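What follows is each chain in one-letter form.
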Amino acid sequence: METLPKLAPTQALLLRAAARRADGRVIPPANLRGGARVKAMTALMRREWIEASDGGFVLTDAGHAVAGRKRPEPPEAECIQEMDTVDDLQLLEGLPVRPGTKLAALVVALRRPQGAANLRLMLATGWQPHSARGAISGLLRKRLGG
């Protein structure tokens, strides 16, 4: 029987919260400041449960195992693809949206033949659900002249 390593409450909180995220990002809570934040993150890095990635930290496979979860499958490439094809630009035609923006990615996702669920919109833009819905409302308002 394998015993799990002893974790400080802060470390356990960080690992469990990151394991629940689809991207595995480690985001310390706002009330964890200064030395406590540095100490917790350093301890996790020393044990190789987290690693630096794009200006932040993400869980490693070992970190997922300690948190008791499997690493989630990466999102479909279609959700995160860049807008550089002619078809994507044609989908934006007639809408007050600059190509290459998150709003443009939202419109492209919505205009796909199969449509888009709220999760797909969140993955395409990196926004929270209420922000994606608000952007859709704003687009409709602009489009309908309201």
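For the structure, see preceding data.
Residues numbered from 1 in each chain as written. Predicted model: local features only at pLDDT ≥ 70, side-chain atom pairs only at ≥ 80, totals over all residues. Heavy atoms only, no water.

(A) Here's a closer look at the overall build of the chain. For the chain, the count of helices and strands is eight helices and two strands. Of the regular secondary structure in the chain, the N- to C-terminal order runs α-α-β-β-α-α-α-α-α-α. Relative to its 146 residues, the chain shows a buried fraction of 30%. Accessible area of the chain: about 9900 Å², with a carbon and sulfur share of 54%. (Helix = DSSP H or I, 4+ residues; strand = E, 2+ residues; numbered from the N terminus. Buried < 20%, exposed > 50% of the residue type's maximum accessible area, 1.4 Å probe, protein only. Areas by Shrake-Rupley, 256 points an atom, 1.4 Å probe, with all protein chains shown as cover.)

(B) Region of interest: the nonpolar core. Ranked by internal contacts, the top residues of the largest apolar core, which has 13 residues, are Leu14, Leu15, Val26, Leu44, Ile50 and Leu59. Broken down by secondary-structure element, the contributors of at least two residues to this core are α1 (9-20) and α2 (34-46). Of all the elements, α1 adds the most residues to this core, at four residues. For Leu14, the contacting residues outside a window of four places in its chain are Val26, Ile27, Pro28, Pro29, Leu32, Ala40, Met41 and Leu44. (Core = buried A, V, L, I, M, F, W, Y, C linked by side-chain atoms within 4.5 Å. Contact = heavy atoms within 4.5 Å.)

(C) Representation of the packing of α1 against α2. Contact geometry of α1 with α2 gives a least axis separation of 10 Å together with a crossing angle of 70°. By the criterion of interaxial angle, the relationship of α1 to α2 is roughly perpendicular. As for the relative orientation of α1 and α2, their crossing is right-handed in sense. Residues Thr10, Gln11, Leu14 and Leu15 of α1 pack against Ala40, Met41, Ala43 and Leu44 of α2. (Axes fitted to C-alpha atoms, helices over the stretch in contact; angles between N-to-C directions. Parallel < 35°, antiparallel > 145°, perpendicular 65-115°, else oblique. Left-handed = near helix turned anticlockwise from the far one by under 90°.)

(D) Representation of the environment of Leu13 within the structure. As for its placement among the helices and strands, Leu13 is situated in helix α1. Classification of Leu13 by relative accessible area gives partly exposed; the value is 39%. Each C-alpha atom of the pair Leu13 and Pro28 lies 8.9 Å from the other, and the pair is 15 residues apart in sequence.

(E) Representation of the pairing of strand β1 (residues 50-53). The pairing of β1 with strand β2 (residues 56-59) spans four bridges and is antiparallel. Within β2, the residue paired with Ser53 across the bridge is Gly56. Remark: two residues form the turn of the hairpin made by β1 and β2, two consecutive strands paired antiparallel; Asp54 in that turn has positive phi of roughly 50°. (Pairing = 2+ DSSP bridges.)

By themselves these figures say nothing about function.
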